[in-house]
Amino acid sequence: MTRLSLFLLFILPMLTYAQERVDGEFPFDVDPAKKYSLYIPSSYTIGESNKVMLALHPFNTSRWDSESWCDTLIDFAEENELILICPDGGADGRIDDPIDTAFTSALIDSVANWYDLNFDKFYGVGFSWGSRGLYTYGLSHGDLIKGYIPVGAAINGTTEVNETLQMNATGKPFYIVHGSADAPTVRFYPVRDSLISKGAIVETNLLSGVGHTIDFPDRNEILTVAFNWIDSVNCSALSLPNFQIESNALRVYPNPVVTGAPLLIHLDHQTDGVYTVQVYGITGSLVYSVDQYLNPGQNSVPVNLKKGHYILRVSNNESEQEMKFLVQ
């Protein structure tokens, strides 16, 4: 019997009910009883695409597993009409072990068979080691996660979130929540600055006086602000005809761009020469076009844009690169 068949055997009896909490386990790989928790909000509608939050739990096994993490986030998920998917990190608590990342993918695939998931509004949240796993798992899986809420990430600079992973962050929204008393010089500023340099769309909330905890004041309100921001910045669900979005060879930084500031464009692995630089509104209307000499590396394009989402296209006779960016 396949893993998927085993999973169906364990979970299908529960699928008769919506708007509920599901805690279960099933054999996976070498683990005879791999745990998971789900929460289906009261707003869930069969036959419609529903927003999803993948939630990765912290390391401390004396408090955290999939069930306790799901308990912590239920009110947040219900308020924001999110299907909550919480895989379990096993006996060692490390949610980013190979068995756990494989299980996370299997869990997502399987839940998608039973519930109507909107993969254009598929987001991720994590705390501590779970945030570390959110960075590494999410950025290793291409376009799965459309927006990130890392909280108090247990990382060492950008050692875990390396440059190869960060190249997949271009155009993706990150709302980073971190405590000012939780080693921000190591765990907050380096990854924030590096993600911005790679063309990610980054917003932050550095919580004054807060240490390494998820139990900070107004947690659900802060997480809701973070969710609403990544959901509003996420361009994946919008119709973008005739565009092949994202390119590791083209970056805008900082992203978001400050209103009234010129575009700072970075070309990787491109030759210098005259390029056509075009900026499109999110509906595909051309708002700016210029032929300009560009060098590999940083270039400044003097365009003054209003707040909103845009698409940048840079092309010449040899190549065409596109990416999304935000002006705020």
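Residues numbered from 1 in each chain as written. Predicted model: local features only at pLDDT ≥ 70, side-chain atom pairs only at ≥ 80, totals over all residues. Heavy atoms only, no water.

Right, let's talk about the sheet that holds strand 13 (residues 297-301) for a bit. In spatial order, the strands read 9-10-13; together these three strands make up an open sheet with antiparallel pairing. Looking at strand neighbours, the two that pair on one side only are strand 9 (250-252) and strand 13, the edges of this open sheet. Here the strands of the sheet are splayed against their neighbours by 30 degrees on average, with no regard to which way each runs. Direction of pairing for strand 9 relative to strand 10 (residues 263-267): antiparallel, over a ladder of three bridges. Residue pairing for strand 10: R251 is matched across the bridge by H266. (Pairing = 2+ DSSP bridges. Helix = DSSP H or I, 4+ residues; strand = E, 2+ residues; numbered from the N terminus. Axes fitted to C-alpha atoms, helices over the stretch in contact; angles between N-to-C directions.)

On the surface, D75, E79, D218 and E221 cluster together into a negatively charged patch. One can find E79 in helix 2 (residues 66-79). Taking relative accessible area as the criterion, E79 reaches 51% and is therefore assigned exposed. (Patch = residues over 30% accessible without salt bridge, like charges linked within 9 Å, V, L, I, M, F, W, Y side chains within 5 Å. Areas by Shrake-Rupley, 256 points an atom, 1.4 Å probe, with all protein chains shown as cover. Salt bridge = Lys/Arg side-chain N within 4 Å of Asp/Glu carboxyl O. Lys, Arg positive; Asp, Glu negative; His and termini not counted. Charge placed at Lys NZ, Arg CZ, Asp CG, Glu CD. Buried < 20%, exposed > 50% of the residue type's maximum accessible area, 1.4 Å probe, protein only.)

Before going further, it helps to examine the sheet that holds strand 5 (residues 117-127). Pairing between the strands of a sheet is mediated by backbone hydrogen bonds and can be parallel or antiparallel. Strand order in the open sheet made by the eight strands is 1-2-4-3-5-6-7-8, with mixed pairing throughout. Two strands lie at the open edges of the sheet, namely strand 1 (21-28) and strand 8 (201-207), each paired on one side alone. Strand-to-strand twist across the sheet, computed as the mean angle between neighbouring axes with direction ignored, equals 20 degrees. Here strand 1 runs beside strand 2 (residues 31-39); their pairing, made up of seven bridges, is antiparallel. Across the sheet, the residue bridging to F26 is K34, located in strand 2.

Quick look at the confidence of the model for the protein now. Residues with a pLDDT of 70 or more make up 89% of the protein, whose mean pLDDT is 87. Contacts from residues 1-17, a stretch scored under 50 in pLDDT, to residues over four places away or in other chains number 28 contacts. Here residues 239-246 is modelled with pLDDT under 50, and outside its nearest four sequence neighbours on either side it reaches 20 contacts, counting other chains as well. (pLDDT = per-residue confidence, 0-100. Contact = heavy atoms within 4.5 Å.)

Residues L54, I85, V111, Y115, Y135, F174 and L195 are the most contacted members of the largest nonpolar core, which totals 41 residues. What I85 contacts, discounting residues up to four positions off in sequence, is S37, L38, V52, M53, L54, A55, L107 and V111. Listed in part, the 33 residues of the second largest apolar core include F227, W229, I230 and L326. (Core = buried A, V, L, I, M, F, W, Y, C linked by side-chain atoms within 4.5 Å.)

Positioned with a positive phi, S128 is a non-glycine residue whose angle comes to about 60 degrees. Note on placement: S128 falls in the loop between strand 5 and helix 4 (129-140). By relative accessible area, which is 9% here, S128 ends up buried. Not every positive phi belongs to a glycine, and A183 is a case in point at roughly 45 degrees.

Turning next to the packing of aromatic side chains. Using the criterion set out here, one finds 13 aromatic pairs in the structure. Summarising the aromatic geometry, the rings of W64 and W69 are spaced 5.3 Å apart at their centres and angled 85 degrees between planes, so their arrangement reads as edge-to-face. Exposure class is identical for W64 and W69. Each is buried. Here Y310 and F325 contribute two aromatic rings whose centre-to-centre distance is 5.7 Å and whose plane-to-plane angle is 20 degrees, an arrangement assigned as stacked. Taken together, the residues Y310 in strand 14 (residues 308-315) and F325 in strand 15 (residues 320-327) connect sequence positions 15 residues apart. Neither residue differs from the other here; Y310 and F325 are each classed as buried. (Phe/Tyr/Trp six-rings, centres within 6.5 Å; stacked < 30°, edge-to-face > 60°.)

Once that is clear, we can look at the pattern of salt bridges. Tallying each qualifying case throughout the model produces twelve salt bridges. Where D193 meets R192, a salt bridge forms, and the shortest distance between an N and an O atom there is 2.7 Å. The class for D193 is partly exposed, based on a relative accessible area of 39%. Here the salt bridges do not stand alone but share partners, grouping R21, D23 and D71 into one network.

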